[in-house]
Structures are given as C-alpha cells and as structure tokens.
Amino acid sequence: MTPDELAGLPRPLAFVLPGGGALGSYQVGVLRALTEAGVVPDMLVGVSAGSVNASLFAWNQGLDGIQRLEAIWRSIRRRDLLRFQPHRMALAFAGRHPSFLDNRHGREFLRRHLGGRLLEHAPVRLVLVGTDLSTGEAVALTAGEAVTAVLASSAFPGAYPPVHFGGRTLIDGGVVADVPLDLAKEMGAASALVLSIPPLSAGAPPTNAIEILLRSSSLGVEAHGRTVLRRPPEGLRVAEITARPSPLGTFDVGKTTAMIEEGHAAATSWLRQLATES
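Residues numbered from 1 in each chain as written. Predicted model: local features only at pLDDT ≥ 70, side-chain atom pairs only at ≥ 80, totals over all residues. Heavy atoms only, no water.

Q: For the overall build of the protein chain, give the residues involved together with the corresponding values.
A: A tally of helices and strands in the protein chain yields 12 helices and 8 strands. Burial analysis of the protein chain (278 residues in total) assigns 51% to the buried set. Contacts in the protein chain between residues at least 24 apart in sequence constitute 77% of all its contacts with a sequence separation of at least 6. Element-wise, carbon and sulfur atoms account for 55% of the exposed surface of the protein chain, whose accessible area totals about 12600 Å². (Helix = DSSP H or I, 4+ residues; strand = E, 2+ residues; numbered from the N terminus. Buried < 20%, exposed > 50% of the residue type's maximum accessible area, 1.4 Å probe, protein only. Contact = heavy atoms within 4.5 Å. Areas by Shrake-Rupley, 256 points an atom, 1.4 Å probe, with all protein chains shown as cover.)

See below:
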C-alpha cells in the first residue's frame, strides 16, 4: 500500500483497535504517528483495551489530545485496575461470585477521564464491541454511557464481572471479535485500518494454572484475529499496522512509556515505508 492508496482508502474509514490489556498503550503511540501524518478516522471501533483507547481518543483529537491520552496511560498504576481481595477470590473459587476482581476501581478511573459522556455524543462515531454472554454474539455498542460500555467491552472473563448494558449481559468483546471487521462494515465503514497490538513472543511454557490460562486465551484470540485479517469481509478495504511480538502480557501494567514509544516508532516506520514505495 502506498501513501496515495492510504490517503485514498474509501470513506468512511474506521480505525479498528483490538484488545490487549496493558499492551493497549502501544496503540497510543500508533495513534500519535497517524495523527502526525494527518490520517484521520471517520469511525472508531474498539474492543477491550482498544475500547478504552477508542473512547478516550474520540474526545481527545489532534496532537494536544494525543498528549492527554499519553498522560492518562502513563498515570495508570496496577492499583487502578488490579486490586486483589482474598475474600472475593475465595468466593469466586467456591463458585459464589462471578469474578476474581471487581471493576469498581476501573470504573472510577474511567469516570475521571470520561465523566458521564454518552457514546452517541462522541465527536467521531464510536463503536465499542462486547460479547453477549448468553448467545456468544458480538455486539456493537453505539449508544449509552461510555464508561459502562468500556467496562462491558473489557470485562475479561473470570477476572472482571459481566456488565449489564442495553438489556444484555456482556463480557470482553475480544472473546469472539477481537478484530471486528464484520461489525465495522455493518456500521457503514468502507475501509478499515487495524491498529494491532504486539502478539505474544515465543517463550518457555508457563507452569502454573493461571499463567497457562492467560497465555492460552491470548494465543486463541491472536489466532482468530489472524484468520479474520486473512479473510476480510467482501467489499471492505483493510490495511493493518502490524506489531512485533512482545514477551509482555495482558496484565503487565507498568511498561506504558516504553510501549507508547515502540508503537510510535513502528507506525512511523510503516508510514515511511509507504512513502518509499510510492
């Protein structure tokens, strides 16, 4: 794809932001590079951690907005998202609670930055993706409170509780649609630019149950995403900004600054490569 082809992608153009937990900070650097290059979306489609970025970016446009988005990610601490409560975890293991963690601290964090904003009022059309826990259907969230929609889209099964939104019980959208190209097309996109996050790098197999579960889940989501990208919906033009594998995982909070810079460098290189091919 050349710069002319990138600029000539048919409109509406959707930025598709898959999930990746703490690795979502990588997408912030990619968004900075795209903003610097003047590549602007007509629609933002976010899944899980990508829903956090899509929502914050929708209300923080331009380079000033990107700086605010970077500052938000740099301010994240483990306690903002991961506060373990032994009593709750014991109840979850006993089958008497739907999750090991609560989402109260995540809600407070999002409330500080999104307030009571509604999806339908976003300056850029905003589509967040959740999974219906009853039917297994990927659900496009386009109206309602942004904070609750983000919590629903990023409700990692078992770790965080399902969220009731729009008459449905929802969990993490990445369970069935981490790269939701079908939904982007259904929402009216003519083309999609996928802002991928780093896949897991090869490494020594984990030996404890939790790490095995998390790595297996990530590998499954990545494999499904690759299949979707190889076979995009007919009539939708798709480009992907790829990422190099990383040893970091979903819950590796604390590497934000390095990941932002890595995403910016990779996307800038991708854009420069386009220029040399023209």
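Now that the structure is up, let's keep going.
Q: Can you explain the pairing of strand β6 (residues 168–172)? Please cite residues and give values.
A: Relative to β6, strand β3 (residues 125–132) runs antiparallel, the two sharing 3 bridges. Following the sheet pairing, Thr131 is matched in β6 by Ile171. One ladder, built from 3 bridges, connects strand β5 (residues 163–165) with β6; its direction is antiparallel. Looking at the pairing, Val163 lines up with Leu170 of β6. Between the end of β5 and the start of β6, which pair antiparallel, lie 2 residues, with Gly166 showing a positive phi angle near 60°. (Pairing = 2+ DSSP bridges.)

Q: With reference to specific residues and values, describe the pairing of strand β8 (residues 237–241).
A: For a regular strand, the rule is simple: side chains alternate between the two faces of the sheet. In terms of strand pairing, strand β7 (residues 191–195) meets β8 through 5 bridges, oriented parallel. Counted as the bridge partner of Ala192 is Val238 from β8. With helix α11 (residues 209–230) bridging β7 and its parallel neighbour β8, the resulting β-α-β unit is right-handed. (Right-handed = clockwise from strand over helix to strand, strands pointing away.)

Q: Outline the nonpolar core, listing residues and values.
A: Across soluble globular proteins, you tend to see nonpolar side chains buried next to one another. Ranked by size, the top nonpolar core spans 59 residues in total, and within it Phe15, Leu34, Leu44, Leu126, Leu141 and Leu193 carry the most contacts. With residues near it in sequence (within four places) discarded, Leu141 still touches Leu119, Leu126, Val127, Leu128, Ala149, Ala152, Phe165 and Leu170. Core analysis: the second largest hydrophobic core is formed by 18 residues, Val45, Ala184, Val194 and Leu236 among them. (Core = buried A, V, L, I, M, F, W, Y, C linked by side-chain atoms within 4.5 Å.)

Q: I'd like a rundown of the pattern of salt bridges, residues and numbers included.
A: Under the definition given, this model contains 9 salt bridges. Arg74 is the salt-bridge partner of Glu261, the closest N and O atoms lying 3.3 Å from each other. Within this pair, whereas Glu261 is found in helix α12 (residues 256–277), its partner Arg74 is found in helix α4 (residues 62–75), the two being separated by 187 residues in sequence. For Glu261, a relative accessible area of 35% corresponds to the partly exposed category. In the salt-bridge network here, residues are joined through shared partners; they are Arg32, Glu70, Arg74 and Glu261. (Salt bridge = Lys/Arg side-chain N within 4 Å of Asp/Glu carboxyl O.)

Q: Explain unusual backbone geometry to me, and be specific about the residues and the numbers.
A: Between Arg11 and the following residue, Pro12, the backbone shows a cis peptide bond with an omega angle of 5°. Its location among the elements puts Pro12 in the loop between α1 (3–7) and β1 (13–17).

Q: Which residues make up the layout of surface pockets, and what are the values?
A: By volume, the second largest pocket amounts to about 420 Å³. Around the second largest pocket, the lining is made up of 19 residues, and of these Glu211, Leu214, Arg215, Gly249 and Asp252 lie nearest the centre. Across the lining of the second largest pocket, the residue classes tally to 10 nonpolar, 6 polar and 3 charged. (1 Å grid on protein atoms, 1.4 Å probe; cavity = no way out; pocket = protein on both sides within 12 Å on 5 of 7 lines; lining within 4 Å. Points joined across faces, edges and corners; volume = space filled by probe spheres on them. Nonpolar A, V, L, I, M, F, W, Y, C, P; charged D, E, K, R; others polar.)

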